[in-house]
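Fold and contact review
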Amino acid sequence: MLPAFNYARPESLKEVFRELKTTNAYLHAGGSDLLGCLHDGIFPATKLVSLNALKGLNSIKKTADGGLKIGALVNISTLAAASDISRRYPVLAEAAAQVASPQLRNQGTLGGNLCQKPRCWYYRGEFDCVRKGGAKCYAFNGQNQFHCILGGSACYIVHPSDVAPALVALDAVVKISGAQGERTLPVADLHVHPKDDPLRETYLEPGEVITAVQLPAAASGLRSSYRKIGARQSWDFAVAGLALALVMDQDRVTNARIVLSGAAPVPWRSREAETALKGQRLSAETAGQAAAAAVAKAKALEHNAYKISMFKGLIQEQLLKLLS
Ligand SMILES: Cc1cc2nc3c(=O)[nH]c(=O)nc-3n(C[C@H](O)[C@H](O)[C@H](O)COP(=O)(O)OP(=O)(O)OC[C@H]3O[C@@H](n4cnc5c(N)ncnc54)[C@H](O)[C@@H]3O)c2cc1C
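Because the structure is predicted, anything quoted here is derived from the model rather than measured.

Thresholds, definitions, all that
- Residues numbered from 1 in each chain as written.
- Predicted model: local features only at pLDDT ≥ 70, side-chain atom pairs only at ≥ 80, totals over all residues.
- Heavy atoms only, no water.
- Helix = DSSP H or I, 4+ residues; strand = E, 2+ residues; numbered from the N terminus.
- Rg over C-alpha atoms; globule rule 2.2 N^0.38 Å.
- Contact = heavy atoms within 4.5 Å.
- Areas by Shrake-Rupley, 256 points an atom, 1.4 Å probe, with all protein chains shown as cover.
- Pairing = 2+ DSSP bridges.
- Axes fitted to C-alpha atoms, helices over the stretch in contact; angles between N-to-C directions.
- Buried < 20%, exposed > 50% of the residue type's maximum accessible area, 1.4 Å probe, protein only.
- Near = heavy atom within 4 Å.
- Polar contact = N/O pair within 3.5 Å; in protein donor to acceptor, adjacent residues only side chain to side chain.
- Nonpolar A, V, L, I, M, F, W, Y, C, P; charged D, E, K, R; others polar.
- Disulfide = S-S within 2.5 Å.
- Salt bridge = Lys/Arg side-chain N within 4 Å of Asp/Glu carboxyl O.

Focus on the overall build of the protein chain
Counting its regular elements, the protein chain contains twelve helices and twelve strands. For a compact globule of 324 residues, the expected C-alpha radius of gyration is about 20 Å, and the protein chain comes in at 19 Å, within 12% of that figure. Across its three principal directions, the C-alpha atoms of the protein chain cover 60 × 50 × 35 Å. Of all intrachain contacts in the protein chain linking residues separated by at least 6 positions in sequence, the fraction that spans at least 24 positions is 62%. A total of about 14,700 Å² of accessible surface is found on the protein chain, and carbon and sulfur atoms cover 51% of it.

What follows is the structure, encoded as structure tokens:
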């Protein structure tokens, strides 16, 4: 059952900041993640502060430098369908199209997707795990078939978002507003690694709001894609996912971003795979080398060793698809 909470629907950011001063107040965008958490009693809330009466957070605009500014309240369906995105940044449109189900894509927003809580069944269940302030990660010696193979430490979650890895691959930046003013942060630096703090998902300070995501102009020769493998075809999170953004001069890779989802507690940029490809001609051989480099430091838990070969195959296959 949902607990009782107050609900505010401010019409300006200034009022949002004021409402957020209440202890245990949470921003509410689409509610598709937040209300599930409250329903399951994962954390308490005294107040929800809706962003839905704010104007100006719901549009996609071209920026002066040839990039795009996407408002935090733009829903996932719009990200998947917008021609400015699918034409210039296919990785983002493809990632959005693979999120959840049509209903959830209509309800869920860009900002909410970036800030959603992890889907670990111990965290979402009745376990006093390290992410809820407890002493241990139950996944480490438990049912860990969907947990991380890279970056494991205090907590072995995988980051749940498909959109975040695509944005990291595109070098996107989040715009953040708070009572103290505005700031920007690369999406690559938004998410907190559990070794630094297992209790937080993002580096947003209390009372801060993501207002937009900015994409830089698409480089000439940019080829990008997103693919995920899930346990089911829809309504499911990535078991293994891959966001690619390569800048190509014919078949030579001049720049590369290779970001894994379903692999690590944060969207996982594989600098090893990027280094293996940069300056090389893309071929079956170099794609295989990049795939091997991406998983070279992977450490399987008892039930998820299958992910290592899954990622290897996924990376090699998707890289070669960018040649066609
Ligand atoms: C069954 C199911 C399957 C799913 N499958 C996938 C999937 O395959 N891939 C995937 O990527 N996601 C998946 N999701 C997650 C879904 O995409 C998110 O629930 C959704 O994007 C969250 O958006 P929202 O607007 O509903 O966020 P809300 O639920 O309103 O908020 C989520 C969190 O973000 C915070 N927040 C919201 N907006 C902002 C903002 N602008 N600034 C700062 N903080 C903010 C809220 O306080 C809250 O903590 C799934 C969800 C469900 C329920």
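On we go from here.
Considerations on the sheet that holds strand E9 (residues 222–229)
A sheet is described by the order of its strands in space; here four strands give the open sequence E9-E10-E11-E12, paired in antiparallel fashion. Edge positions in the sheet fall to E9 and strand E12 (268–269), since each has one partner strand and no second. For strand E11 (residues 252–261) and E12, the ladder comprises two bridges, and the chain directions are antiparallel. Bridge pairing in E12 places valine 259 opposite arginine 269. Its contacts with the sheet place helix H5 (residues 90–97) against E9 and strand E10 (240–249), and it is angled at close to 15 degrees to E9. Strands E9, E10 and E11 of the sheet are contacted by helix H12 (residues 306–321), whose axis makes an angle of about 30 degrees with E10.

A short note on the side chain of histidine 28
For histidine 28, the position within the fold is in strand E2 (residues 25–28). Judged by relative accessible area, which is 10%, histidine 28 ranks as buried. Apart from the residues within four sequence positions on either side, histidine 28 is in contact with Tyr7, Leu34, Leu35, Leu48, Val49, Ser50, Leu51 and Asn52.

Comments concerning the sheet that holds strand E1 (residues 6–8)
If you walk across this open sheet you meet the three strands as E1-E3-E2, and the pairing is parallel. The open sheet has two edge strands with one neighbour each: E1 and E2. Across the sheet, the mean angle separating the axes of adjacent strands is 25 degrees when strand polarity is ignored.

Some remarks on the site of the ligand
Within the structure, the ligand sits among 32 residues, and Leu27, Ser32, Thr109, Asp162 and Lys228 are positioned closest to it. Glutamine 116 places a side-chain nitrogen or oxygen 3.4 Å from a nitrogen atom of the ligand. Contact with the protein chains hides 93% of the accessible area of the ligand, taken as 980 Å² for the molecule alone. Breaking the shell around the ligand down by element, the ones donating at least two residues are E2, helix H7 (110–115) and strand E8 (209–215). Take the shell around the ligand: its biggest share by element is four residues, from H7. Within the shell around the ligand, the residues separate by chemical class into 15 nonpolar, twelve polar and five charged.

What about the state of the cysteines?
Under the criterion given, the structure shown has zero disulfides. In this structure cysteine 37 is a free cysteine whose sulfur lies 12 Å from that of cysteine 129, the closest cysteine sulfur available. Judged by its relative accessible area of 0%, cysteine 37 falls in the buried class. Left unpaired, cysteine 129 is separated from the closest cysteine sulfur, that of cysteine 120, by 6.2 Å. Residue cysteine 129 is classed as buried on the basis of its relative accessible area, which comes to 6%.

Observations concerning the pattern of salt bridges
For the coordinates displayed, the defined rule picks out 16 salt bridges. Ionic pairing is found between glutamate 272 and lysine 297, a salt bridge with its closest N-O pair at 3.3 Å. Highlighted residues: glutamate 272 in helix H10 (residues 271–277) and lysine 297 in the loop between helix H11 (284–295) and H12, separated in sequence by 25 residues. Residue glutamate 272 is classed as partly exposed on the basis of its relative accessible area, which comes to 30%.

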